[in-house]
Amino acid sequence: MNRAAKLSLAALGVTLLALVPVVSGNIYLQNLLIMTFLLAVLASGWNIIGGYAGYISLGHSAFIGVGAYTAGILANRWGVSPLVVAPLGGVAAALIALSLSLVTGRTRGAAFVIVTFAMLELLGLVATNWPGLTGGADGLVLPLPSWSVDIQNWPFYYALLLLVVLSVLMSIAIKRSKLGLGLVAIRDDEDKAAGIGVTTPVYKAIAFMASAVLVGVAGSVYGYYVSYLDTSALFDITLSVEVVLAALIGGRGTVWGPVLGAAILQPLIEVTNSSFGGASAGAVRLLLFGGLLVAVALLLPRGLLPELERLARRILRHREPSLTGARLADRPVPEFLRRSAPPVAADGTAPPSLLSVAGVSKRFGGVKALDGASFSVRAGSITALIGPNGSGKTTLFNVMDGTYRASAGEVRLAGDDITEWSRTRRAFAGMGRTYQLPRLFDSLSVLENVAAVTDEFRLRTLLASAVSGAEAERATELLEFVGLGDYVDARASELSYGQRKLVELAQVLMLDPAVILLDEPAAGINPTLIRRLAGLIRSLNETGRTFVIVEHDMHFVLSLCDPVVVLSRGTVIADDGPQAVSSDPAVLEAYLGDDFVAEDIDAPVGAAR
Ligand code: ADP
Ligand code: MG
C-alpha cells in the first residue's frame, strides 16, 4: 500500500471512530472502545522500546499508574480537572523511564525484563505504602466529571482517541528518523551498533522515555475515567502482559501492529471478564492469555501484519533477487575518503605510531587470552597480526576497539590514552573494525546498513530523516566502490557470506576512519573476491588509511602487509618485515610450520599469480 492510501485509510478509520459516540448511545460499546484505545496507546508505546529496540518491558502498565496518580494527586491539590494536568502525568512517566534506563544501563535480555517487572512492583509498593501522597491501600478518590451527563464519556473517549493518533504519529516519526534506524540497529546487534557510532545508551534512554510519555498521559485520563485509584489495580502485571501480547499479535516493530493487536485483544479481554467473573477470573485470564501467547509465538512468530505482508508479497510473486558475486570493476577510492598521506618526518625517520597496545592482558576466568601483548601500528602501514587459532588475535581487536576492557595494559590512539574509552567514542575518534564473522543488521537494507553509521553524536539530528540524501549518496558510492552497487536495496539477510564482508567494509569506511581493523577479511570468500579485496585495501592505504589485518592466508599477508606481528599464546613473539618474519625460527615453530616456504611474495595479491 502506498503512503497516500494508508493515510486515507487511517483518516477514514479515525473519522468513523470519532462518529461512534455521536451516532450511538451504546455505553457498553463506548467503554469497550475506551479500553481498546488505552491498550492501543500502551502497546504502541511499548513497541518503541520492545519492538523497535528489542528491549522487552514487562512493566509498562506502571506508567499508567504513574500517570493516573500524578494527575489525580495534582488535580485534588490544585482543584483542577485531571484532564488539565494529564500532560504532567506524561512528564512523570517519562522521568521514571529515564531514571530506569539510567539504572538498567548495561542490562539486556532477560535481565532487562526482570528489572522492568521489578520497577512495576516497586512503584506499586511505594504507592501502597505512602498513604500521605496516594491514599495508600484506601485508594484515592477523584472528583466526579463536571460535564453534563448527556455527553457521557465523550471527553475520555476523545482524549484517548487523540492519544492513539498521537501514538501512531510518534511511531511513524521515530521509525523514519535516525533514532529509529539506530534503535533497529540496536535490536539486531547492539555491540556492532556501538562500533559504528550509535550512542546506544542515549538512544535507549530516549526510546524508553518516548515509550512511556503518552502512556503516562493516557494513564491520567484513565484514572479520571475510573475516578477511583487503587494501587493493586493500577500496578498490575496482568495489564503489562496484555500489552506485550497485543504488540506481539499485531506485529512488533511495525507502526500499526500494536494498534491492530489491541483491537483484537481488548474484546477478548472483555469477554473473559464477563464470562469468568468471581474469584477464578484472574487465573482463567492468565491461563487463556498464556496459551494465546504460546500460540502466537508458534503460529505467527512475527505477528499478524508482517505475516500478512509476506503472504501478499508471495501472492503478488514479488521476485526475490538472486544475489551472487560482486561487480569487480576497479573503481577509484571515493573522493571523500582521500586523505593526505600520513606525515613522514623530513629527516626520513619512521612515521609516528597511530595505534599501540602496551602490556595488554585479558583473562576470561582461567583462560589467559592475552598476556602482556605490546606492539604499535605505524601511521600509513598495513600491519598484519597473525598467529595460530586461539592465540588471542580477535581478543586483541576487542581490546583495541573497546569491546572488552583489558585486565591490564594500555591502548593508545594518535597519542591519546584510550584504554577507558567506550566503543562508540573510539569509533568517533577514527577507529573502524570488521568482524571475523561479518555482523550486519539483518532487518535493514544494505543501503541502510551503511547509512546507519554515524561519525559523531548530534542530538538535534536524531529526528532527522533516517537516511538523508547526502548519506544515501555517500553510502551508494561506497557500495559501488566495494562492488555491491547492485545490492543497495537488498535485505542484508539475503547476502552471501563474502558479500556481507564487503558490506561491512563499506560500513566501516562510512566512518571515514584513520585506522581500520580487519578480522580475517579473506576467510571463506572466493579467490576472485580476495584479489579484489587486496586491491581495495591497497588503494585505500595509498590514499592515507592505516590497516591492521588478522589473516591466515599467508600469500595475502606476506604480499600486502608490512610489518607482520606474530601473536602466540597472547604474547607478541615477532614484529618485523614479511621476509624476516617468515624465516624466523620462533614463528615457524609456533605458527607457520618448519616446512613453510614463503613463495614469491613480491607478486602483489592484487595482480595475477
Ligand atoms: P584468535 O582470534 O587468535 O583465534 P581469540 O582471541 O578468539 O583467538 O581467543 C583467544 C583465547 O581466548 C581462546 O582460548 C578463546 O577460547 C578465549 N576467549 C576468547 N573470547 C572469549 C570469551 N568471550 N570468553 C571466554 N574465552 C574467550
Ligand atoms: Mg579470531
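Our structure's up above, just so we're on the same page.
Residues numbered from 1 in each chain as written. Chains lettered and ligands numbered in written order. Predicted model: local features only at pLDDT ≥ 70, side-chain atom pairs only at ≥ 80, totals over all residues. Heavy atoms only, no water.

On inspection of all chains with the given rule, the structure shows 13 aromatic pairs. With 5.1 Å between their ring centres and 70° between their planes, Phe37 and Tyr157 make a pair best called edge-to-face. Of this pair, Phe37 sits in helix 2 (residues 27-52) while Tyr157 sits in helix 7 (residues 154-175); the two residues are 120 residues apart in sequence, bridging distant segments of the chain. Of the two residues, Phe37 and Tyr157, neither departs from the other in class, the shared state being buried. Seen from their ring centres, Phe112 and Phe208 are 5.9 Å apart, and the 55° between their planes marks the pair as tilted. (Phe/Tyr/Trp six-rings, centres within 6.5 Å; stacked < 30°, edge-to-face > 60°. Helix = DSSP H or I, 4+ residues; strand = E, 2+ residues; numbered from the N terminus. Buried < 20%, exposed > 50% of the residue type's maximum accessible area, 1.4 Å probe, protein only.)

As defined by bridge partners, strand 3 (residues 353-364) adjoins strand 4 (residues 367-378) across eight bridges and the pair is classed as antiparallel. Among the inter-strand pairings, Ser356 is bridged to a residue of strand 4, identified as Ser376. Counted between consecutive antiparallel strands, the loop separating strand 3 from strand 4 contains two residues, among which Gly365 sits at a positive phi close to 55°. Sheet topology places strand 3 next to strand 6 (residues 408-413); five bridges connect them, and they run antiparallel. When the bridges of strand 6 are listed, Val357 appears paired with Val411. (Pairing = 2+ DSSP bridges.)

Before going further, it helps to spend a moment on helix 24 (residues 585-592). Within helix 24, burial applies to Val587, Leu588 and Leu592. An end-on view of helix 24 places all buried positions within 100° of arc, on one side of the element. The exposed set on the far side of helix 24, more than 90 degrees from its buried face, consists of Pro585 and Glu589. Regarding helix 24, its N-cap is Asp584, as a side-chain oxygen of that residue lies 2.9 Å from the backbone nitrogen of Ala586 further along. In the stretch just after helix 24, Gly593 is the one whose phi turns positive, near 95°. (Arc of directions from axis to C-beta. Polar contact = N/O pair within 3.5 Å; in protein donor to acceptor, adjacent residues only side chain to side chain.)

This paragraph deals with the environment of Ala464. Relative to the helices and strands, Ala464 resides in the loop between helix 18 (446-451) and helix 19 (469-481). Linking Ala464 and Leu444, residues 20 residues apart in sequence, is a C-alpha distance of 18 Å.

With 19 residues, helix 14 (residues 281-299) should cover 27 Å at 1.5 Å per step; its first-to-last C-alpha distance of 26 Å lies within 8% of that length. Among the residues of helix 14, those classed as buried are Ala281, Arg285, Phe289 and Val296. Along the long axis of helix 14, the arc covered by the buried residues comes to 45°, so they all point the same way. Of the exposed residues in helix 14, the ones pointing more than 90 degrees away from its buried face are Ala283, Leu286, Leu287, Ala297 and Leu298. The inward-facing, buried residues of helix 14 abut helix 12 (237-250) and helix 13 (257-275). (Expected span 1.5 Å × (residues − 1). Contact = heavy atoms within 4.5 Å.)

With that out of the way, let us pick up the coordination of the magnesium ion (ligand 2). Taken together, Thr394 (OG1) and Gln436 (OE1) make up the protein donors of the magnesium ion (ligand 2), found 2.0 to 2.3 Å from the metal. In this pair, Thr394 sits in helix 16 (residues 393-401) while Gln436 sits in the loop between strand 8 (431-433) and helix 18, placing the two residues 42 residues apart along the sequence. The partly exposed category is assigned to Gln436, whose relative accessible area is 31%. (Donors = N, O, S within 2.8 Å, 3.2 Å for Na, K, Ca; no water.)

What follows is about the site of ligand 1. Phe364, Val367, Ala369, Pro388, Asn389, Gly390, Ser391, Gly392, Lys393, Thr394, Thr395 and Tyr404 make up every residue found near ligand 1. At a separation of 2.7 Å, an oxygen atom of ligand 1 approaches a polar backbone atom of Gly390. Thr395 is positioned such that a nitrogen or oxygen atom in its side chain is 2.5 Å from an oxygen atom of ligand 1. Contact with the protein chains hides 62% of the accessible area of ligand 1, taken as 550 Å² for the molecule alone. Looking at the shell around ligand 1, the elements that each hand over two or more residues are strand 4 and helix 16. Considering each element in turn, the shell around ligand 1 owes the most residues, three residues, to helix 16. Its residues assigned to classes, the shell around ligand 1 shows five nonpolar, six polar and one charged. (Near = heavy atom within 4 Å. Areas by Shrake-Rupley, 256 points an atom, 1.4 Å probe, with all protein chains shown as cover. Nonpolar A, V, L, I, M, F, W, Y, C, P; charged D, E, K, R; others polar.)

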